[in-house]
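So the chains spell out like this:
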Amino acid sequence: MAQPSKTKTKIPLGRFVWYELLTSDPKAATGFYPKLTGWGTTQWEGMEKPYTMWTNGETPVGGIMALPEEAKKAGAPPHWLAYVSTPSVDDTVAKATKHGGKKIHGPMDIPTVGRIAILADPQGAVFAVYTPDGETPGHGGPPAKGEFSWHELMTTDYEAGFTFYEALFGWEKTEAMDMGEAGIYQMYGQKGSGMPLGGMFNRPKEVQAPPHWLFYVKVDDVDKRAEEVKKLGGTILNGPMEVPGGDRVVQCMDPQGAAFAMHSSK
């Protein structure tokens, strides 16, 4: 996680602020993603163990660590985990359990960083919450190239999922798109922001994956980067394709098996 400043600022509720890759091969992953996203990496020694951060220019956007043994034993594959900001991790954990969620790890303090917890929503999708010490990572407003631009929940009951996250983070529904036989794609955003953070939809019958979050990185050219994914040993899961509004997206898997997606503006 990004080392905060010494100045305590107001902590926003419901903003995606940190993205962590838990993988079976951190070294291989640091050779894969920068070639697609333009990220750099830097070491932060403030943790008990050295921690590698992804940087977009000079700004840390996330981190990378080896998939913990307990996660492997529980059957967790390599995956991306997003942290959502909250003024109180403990209050959010209490709300989550009250509304049918599950506490997986924490709450716990990370010295000079803040307080975190890892949770699962009632349908089983995993996410994390974070109360920083000092300035909150990330920013409001439109995402720039190299930042995560879309946060997508595939689940078994998107209406119930939205109700859960609304209770935790105050998210509100924005537009909804009727995908025909595939059902409704419900977009959502921070309350009062007027800008969507992502979308939620029900898992298609032919898909066997459990409920999960998928995160899209904004890149210069989705089609070029998709070709690069294949050259680097990754897999294309879906796309590249155009989405309403003219932007293009592609859903991928890295060589270690972590799913991710990319997005470029028209």
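Trainee: Whenever I open this one, the overall build of the protein confuses me. Can you help?
Mentor: Per the secondary structure count, the protein includes five helices and 16 strands. Taken over C-alpha atoms, the radius of gyration comes to 18 Å for the protein, in line with the 18 Å a tight globule of 266 residues would show. Considering only C-alpha atoms, the protein reaches an extent of 45 × 40 × 40 Å along its principal axes. Sorting the 266 residues of the protein into buried and exposed places 47% on the buried side. Across the protein, the fraction of contacts at a sequence separation of at least 24, relative to all contacts at a separation of at least 6, is 61%. For the protein, the separation between the mean place of its 26 positive charges and that of its 31 negative charges on side chains is 2 Å.

Trainee: How should the side chain of E152 be read in this particular structure?
Mentor: Relative to the elements of secondary structure, E152 occurs in strand β9 (residues 148-155). A polar contact of 2.9 Å, which involves the side chain of E152, links it to the side chain of Y216. If near-sequence neighbours (up to four positions away) are discounted, E152 is found in contact with Y185, G199, F201, H212, W213, L214, Y216 and Q251.

Trainee: Which parts of the structure should I look at to understand the nonpolar core?
Mentor: Taken as a class, soluble globular proteins show a tendency for nonpolar side chains to be buried jointly. Core analysis: the largest hydrophobic core is formed by 46 residues, its most contacted members being F16, Y33, W80, Y165, W171 and W213. Top element by residues in this core is helix α4 (residues 158-169). It accounts for six residues. Beyond its immediate chain neighbours, meaning those up to four positions away, Y165 contacts D121, A125, F127, L153, G170, W171, M200 and W213. Core analysis: the second largest hydrophobic core is formed by 16 residues, V17, W44, L81 and I116 among them.

Trainee: Can you help me understand the sheet that holds strand β10 (residues 172-178) in this one?
Mentor: The strands that make up a sheet pair up through hydrogen bonds in the backbone, lying either parallel or antiparallel. Strand order in the open sheet formed by eight strands is β10-β11-β12-β9-β13-β16-β15-β14, and the pairing between neighbours is mixed. For this open sheet the edge positions go to β10 and β14 (235-242), each flanked by a neighbour on one side alone. Averaged over all neighbouring strand pairs, the angle between strand axes comes to 20 degrees, with direction disregarded. With six bridges connecting them, β9 and strand β13 (residues 212-218) associate as antiparallel partners.

Trainee: Can you help me understand the sheet that holds strand β7 (residues 114-120) in this one?
Mentor: Taking strand neighbours across the sheet as the criterion, the eight strands line up as β2-β3-β4-β1-β5-β8-β7-β6 in an open arrangement whose pairing is mixed. Across the chains shown, the open sheet's two edge strands, defined by having one partner strand only, are β2 (40-44) and β6 (102-110). With strand direction ignored, the average angle separating the axes of adjacent strands in the sheet is 25 degrees. Bridge count for strand β1 (residues 16-23) against strand β5 (residues 79-85) is six bridges, and the pairing is antiparallel. Bridging from a neighbouring strand, L22 pairs with H79 of β5. Against the sheet, helix α3 (residues 89-98) touches β6, β7 and β8 (126-132), its axis set at about 10 degrees to β7.

Trainee: Help me out: how do you make sense of the environment of Q186 in this one?
Mentor: Its place among the elements puts Q186 in strand β11 (residues 184-189). We classify Q186 as buried; its relative accessible area is 6%. Through-space distance from the C-alpha of Q186 to that of F162 is 8.8 Å; in sequence the pair is 24 residues apart. Within the local environment of Q186, its side chain forms a polar contact with the backbone oxygen of E175, the two atoms lying 3.2 Å apart.

Trainee: Teacher, can you tell me more about the packing of aromatic side chains here?
Mentor: The way to describe two aromatic rings as a pair is by their centre distance and the angle between their planes. Per the counting criterion, the structure on display carries 30 aromatic pairs. Taking 5.1 Å as the distance between ring centres and 85 degrees as the angle between the ring planes, the aromatic pair formed by F164 and Y165 counts as edge-to-face. You can call F164 buried: its relative accessible area is 2%. We classify Y165 as buried; its relative accessible area is 0%. Aromatic side chains Y165 and F169 sit 6.4 Å apart centroid to centroid with 20 degrees between the ring planes, which places their arrangement in the stacked category. In this pair, Y165 and F169 both sit in helix α4, four residues apart, roughly one turn of the helix. Residue F169 is classed as buried on the basis of its relative accessible area, which comes to 2%.

Cut-offs and rules
- Residues numbered from 1 in each chain as written.
- Predicted model: local features only at pLDDT ≥ 70, side-chain atom pairs only at ≥ 80, totals over all residues.
- Heavy atoms only, no water.
- Helix = DSSP H or I, 4+ residues; strand = E, 2+ residues; numbered from the N terminus.
- Rg over C-alpha atoms; globule rule 2.2 N^0.38 Å.
- Buried < 20%, exposed > 50% of the residue type's maximum accessible area, 1.4 Å probe, protein only.
- Contact = heavy atoms within 4.5 Å.
- Lys, Arg positive; Asp, Glu negative; His and termini not counted.
- Charge placed at Lys NZ, Arg CZ, Asp CG, Glu CD.
- Polar contact = N/O pair within 3.5 Å; in protein donor to acceptor, adjacent residues only side chain to side chain.
- Core = buried A, V, L, I, M, F, W, Y, C linked by side-chain atoms within 4.5 Å.
- Pairing = 2+ DSSP bridges.
- Axes fitted to C-alpha atoms, helices over the stretch in contact; angles between N-to-C directions.
- Phe/Tyr/Trp six-rings, centres within 6.5 Å; stacked < 30°, edge-to-face > 60°.

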